[in-house]
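Chains, contacts and geometry: an overview
Listed here are the chains, written in short residue letters.
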Amino acid sequence: MIHALAQELNTVLDNTALGPLLSDLGRRMFFPKGIIAQSAEAKESGRTANATIGMACMDGSPVTLPSIQKHLPFLTGPEAVAYAPTAGNPKLREMWKQKLTEKNPSLAGKNFSLPIVVPGLTAGISYLCDLFISENDVLLAGDPSWDNYALIIKARRNAQFLQFPMFSGKGFNLDAFRAVMNEESKMGKIRVLLNFPQNPSGYSPTKTEAREICSIIYNAAQKGASVMVWCDDAYFGLNYEPEIENESLFAFLADIHERVVAVKIDGPTKEDYIWGFRTGFLTFAGKGLTEEHYTALSKKVMGIIRSSVSCASTPSQSIMIKALENPDLKNEKKALRDMLERRYRKVRSFVDAKEGHPILEPLPFNSGYFMSLRCKTVSAEILRRKLLSSYGIGTIAIDNETLRIAFSSIDEDSIDTIYKAIYKAAEDLANE
Ligand SMILES: Cc1ncc(COP(=O)(O)O)c(C=O)c1O
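Residues numbered from 1 in each chain as written. Predicted model: local features only at pLDDT ≥ 70, side-chain atom pairs only at ≥ 80, totals over all residues. Heavy atoms only, no water.

Remarks on the overall build of the protein chain
A tally of regular secondary structure across the protein chain gives 17 helices and 15 strands. Relative to the compact-globule value of 22 Å for 432 residues, the protein chain shows a C-alpha radius of gyration of 23 Å, a close match. In terms of principal-axis extent, the alpha carbons of the protein chain reach across some 80 × 60 × 40 Å. For the protein chain, the residues scored as buried account for 53% of the 432 residues in total. The contacts in the protein chain between residues at least 6 apart in sequence include a share of 71% that link residues at least 24 apart. (Helix = DSSP H or I, 4+ residues; strand = E, 2+ residues; numbered from the N terminus. Rg over C-alpha atoms; globule rule 2.2 N^0.38 Å. Buried < 20%, exposed > 50% of the residue type's maximum accessible area, 1.4 Å probe, protein only. Contact = heavy atoms within 4.5 Å.)

Concerning the packing of helix α6 (residues 90-103) against helix α14 (residues 314-325)
Where α6 contacts α14, the two axes come as close as 10 Å, and the packing angle between them is 45 degrees. Between α6 and α14, the crossing angle belongs to the class labelled oblique. Relative to α14, α6 is oriented so that their crossing is left-handed. Here Lys91, Leu92, Met95, Trp96 and Lys99 of α6 lie close against α14, whose contacting residues are Gln317, Met320, Ile321, Leu324 and Glu325. When grouped by side-chain class, the residues that make up the contact of α6 with α14 number six nonpolar, one polar and three charged. (Axes fitted to C-alpha atoms, helices over the stretch in contact; angles between N-to-C directions. Parallel < 35°, antiparallel > 145°, perpendicular 65-115°, else oblique. Left-handed = near helix turned anticlockwise from the far one by under 90°. Nonpolar A, V, L, I, M, F, W, Y, C, P; charged D, E, K, R; others polar.)

Here's the deal with the state of the cysteines
The full count for this structure, using the stated rule, is zero disulfides. In this model Cys129 remains outside any disulfide bridge; the closest cysteine sulfur is found in Cys231, 15 Å from its own. Given a relative accessible area of 1%, Cys129 falls into the buried group. (Disulfide = S-S within 2.5 Å.)

Some details on unusual backbone geometry
The residue after Asp143, namely Pro144, is reached through a cis peptide bond having omega 5 degrees. Here the residue pair Asn199 and Pro200 is connected by a cis peptide bond, since its omega of 20 degrees sits within 30 degrees of zero. Mapped onto the fold, Pro200 is located in the loop between β8 (189-195) and α10 (207-222). With phi around 55 degrees, Arg278 is a residue other than glycine that occupies positive phi space.

Some thoughts on the packing of aromatic side chains
This structure, assessed with the given rule, holds 19 aromatic pairs. An angle of 50 degrees between the planes, with centres 5.8 Å apart, marks the rings of Phe350 and Tyr419 as tilted. Taken as a pair, Phe350 in helix α15 (residues 329-352) and Tyr419 in helix α17 (residues 415-431) lie far apart in primary sequence, 69 residues in all. Overall, Tyr419 belongs to the buried group, its relative accessible area being 0%. The rings of Phe164, Phe172, Phe177 and Phe196 are connected pair by pair, giving a single aromatic cluster. Seen from the ring of Trp96, Lys103 lies directly overhead, with NZ or CZ sitting 4.2 Å from the centre. Cation over ring: Arg348 sits above Phe365, and NZ or CZ is 4.1 Å from the ring centre. (Phe/Tyr/Trp six-rings, centres within 6.5 Å; stacked < 30°, edge-to-face > 60°. Lys NZ or Arg CZ within 6 Å of the ring centre and 35° of its normal.)

Overview of the sheet that holds strand β15 (residues 402-406)
Taken together, the four strands give an open sheet; going across it, the order is β12-β13-β15-β14, and neighbouring strands pair in antiparallel fashion. Both outer strands of the open sheet, β12 (360-362) and β14 (396-399), are each paired with one neighbouring strand and no more. Averaged over all neighbouring strand pairs, the angle between strand axes comes to 35 degrees, with direction disregarded. Pairing between β14 and β15: three bridges, direction antiparallel. Residue pairing in the sheet places Asp399 in a bridge with Thr402 of β15. (Pairing = 2+ DSSP bridges.)

Brief notes about the nonpolar core
Grouped together as the largest cluster of nonpolar side chains are 134 residues, with contacts concentrated most on Phe132, Phe177, Met181, Trp230, Phe284 and Tyr419. Setting aside its immediate chain neighbours within four residues, Phe284 contacts Phe112, Ser113, Ile116, Leu128, Phe132, Met228, Phe250, Ala262, Val263, Tyr294, Leu297 and Val301. (Core = buried A, V, L, I, M, F, W, Y, C linked by side-chain atoms within 4.5 Å.)

Regarding the site of the ligand
Taken together, 13 residues are adjacent to the ligand, and Thr122, Asn199, Asp232, Tyr235 and Thr269 come closest. A distance of 2.6 Å separates a nitrogen atom of the ligand from a polar side-chain atom of Asp232. Take Arg278: an N or O atom from its side chain is 2.8 Å from an oxygen atom of the ligand. Burial of the ligand by the surrounding chains reaches 91%, relative to a free accessible area of 400 Å². (Near = heavy atom within 4 Å. Polar contact = N/O pair within 3.5 Å; in protein donor to acceptor, adjacent residues only side chain to side chain. Areas by Shrake-Rupley, 256 points an atom, 1.4 Å probe, with all protein chains shown as cover.)

Let's talk about the environment of Lys270
Position of Lys270 relative to the elements: it lies in helix α12 (residues 268-271). As a C-alpha pair, Lys270 and Leu25 span 245 residues in sequence and 30 Å in three-dimensional space. Discounting residues that sit within four places of it in the chain, Lys270 has contacts with Ala234, Tyr235, Trp275 and Tyr369.

Some points on the pattern of salt bridges
As enumerated under the stated definition, the model contains 29 salt bridges in all. Among the salt bridges present, the one from Glu183 reaches Lys186, with a minimum N-O distance of 3.0 Å. Residue class for Glu183 comes out partly exposed when judged on its relative accessible area of 45%. Linked by salt bridges that have partners in common, Glu241, Lys334, Arg337, Asp338, Glu341 and Arg345 make up one network. (Salt bridge = Lys/Arg side-chain N within 4 Å of Asp/Glu carboxyl O.)

Some details on the domain arrangement of the protein chain
Many descriptions give the size of an interface as the accessible area lost when the pieces come together. When its domains are assigned, the protein chain resolves into domain 1 (4-31 + 86-325) and domain 2 (330-431). For domain 1 and domain 2, the distance between their C-alpha centres works out to 29 Å. For the pair domain 1 and domain 2, the summed buried surface comes to about 2100 Å²; carbon and sulfur atoms form 56% of the total. It is Pro200, Tyr240 and Tyr273 that lose the most area in domain 1 upon contact with domain 2, and together they represent 33% of the buried surface on that side. We note a salt bridge from Lys170 to Glu355, for which the minimum N-O separation is 3.6 Å. At the junction of domain 1 with domain 2, the criterion picks out 17 residue pairs in polar contact (both at pLDDT 80 or more). (Domains from an automatic or database assignment. Buried area = accessible area lost by both parts, 1.4 Å probe.)

Put into structure tokens, the structure is as follows:
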């Protein structure tokens with residue numbers, strides 16, 4: 001039985017490309033006019049008292065234990081311990097929206113939703129799966145991909161994760177992407193996840209590739225399919241080569257076609273180096289979507305948040321607002337970005353000097369935190385174990401062919417030693 005409030009939202013969304021894309025759970029979801037909504041009303045109009053919310057208050061503010069407050073000297077009680085609104089702190093949402101346009105100039109003048117705060121990008125992806133993937137639906141993504149996608153889609157949602165080969169030669173495999181999009185367009189709906197800079201390869205498309213990716217998406221919609229593109233921009237901004245497209249695909253897809261809806265999954269966890277703060281955003285855009293549609297969609301997401309974690313962490317959001325207000329942030333971020341770029345250059349020159357190596361071949365990489373080596377004649381898992389036991393070096397075997405190295409987490413002056421060890425271990429294994 002679908003709740004009347006859910007039905008109202010469905011009626012609004014059924015007029016858009018989103019209607020056919022909602023999952024069964026997505027269709028049932030709504031944001032109740034319960035405690036949170038009544039409490040928000042009381043906050044505005046409860047002049048005498050606000051006896052709505054389950055917090056302990058004195059003089060209208062939440063109490064804070066001194067043992068907690070002393071570690072947060074620059075946050076007020078409400079900034080530190082009060083519950084955050086379900087969709088996140090409105091000021092942070094506005095600030096992030098404005099930053100999106102600054103970082104992606106093509107978004108200027110385009111219509112897109114207010115970002116919704118989620119407790120990290122992982123939660124954002126999981127919520128999208130809740131709302132848009134029913135059992136046996138398909139989510140497309142590159143191969144290799146971040147391993148958590150498969151866990152969410154296959155284990156949590158009992159749906160299908162269909163991967164296309166990401167690379168052809170030194171670039172993005174446009175032919176494979178076109179073929180899988182063509183094939184899936186026959187089903188009438190496509191959900192596709194594109195993650196750049198990518199985990200685990202460290203690849204971002206060039207400007208030409210980005211244009212072609214968008215045109216493949218446009219063509220699938222033109223053939224009649226409703227297409228939802230999930231842009232996982234976790235590592236946004238960490239581009240190290242001039243030919244890379246600097247803007248998110250989201251900026252180009254925001255108004256590309258009436259049947260294309262784009263969602264940007266991003267946040268400061270990696271962009272602003274606050275991994276454990278658990279703060280991320282979901283932002284939606286689509287040609288022809290209006291404020292009414294975005295509000296209905298936000299209510300669906302808020303229902304998902306309210307029924308799982310209730311809201312994201314307050315101190316993280318309060319600190320993020322203060323950081324975004326600080327004019328020093330830009331330079332501080334640049335210093336860390338430059339540090340990562342120096343590591344990238346070192347790795348780049350090491351592996352470039354090994355061009356044509358018979359055992360290890362880097363997957364194309366030009367951005368982000370990682371690079372991966374394709375193990376041509378040895379097992380990535382056996383190499384990983386050997387590196388750990390003989391050299392004390394930890395790496396990740398993504399699958400039996402792909403060894404991921406997070407150069408983001410190794411100091412610049414250890415890079416040569418570590419990469420020499422990796423190649424030596426692989427050669428020793430091949431000669432065994
Ligand atoms: C591609 C990608 N997306 C999302 C995430 C998750 O980010 P968060 O820590 O904000 O949940 C990661 C983390 O490793 C990632 O590599």
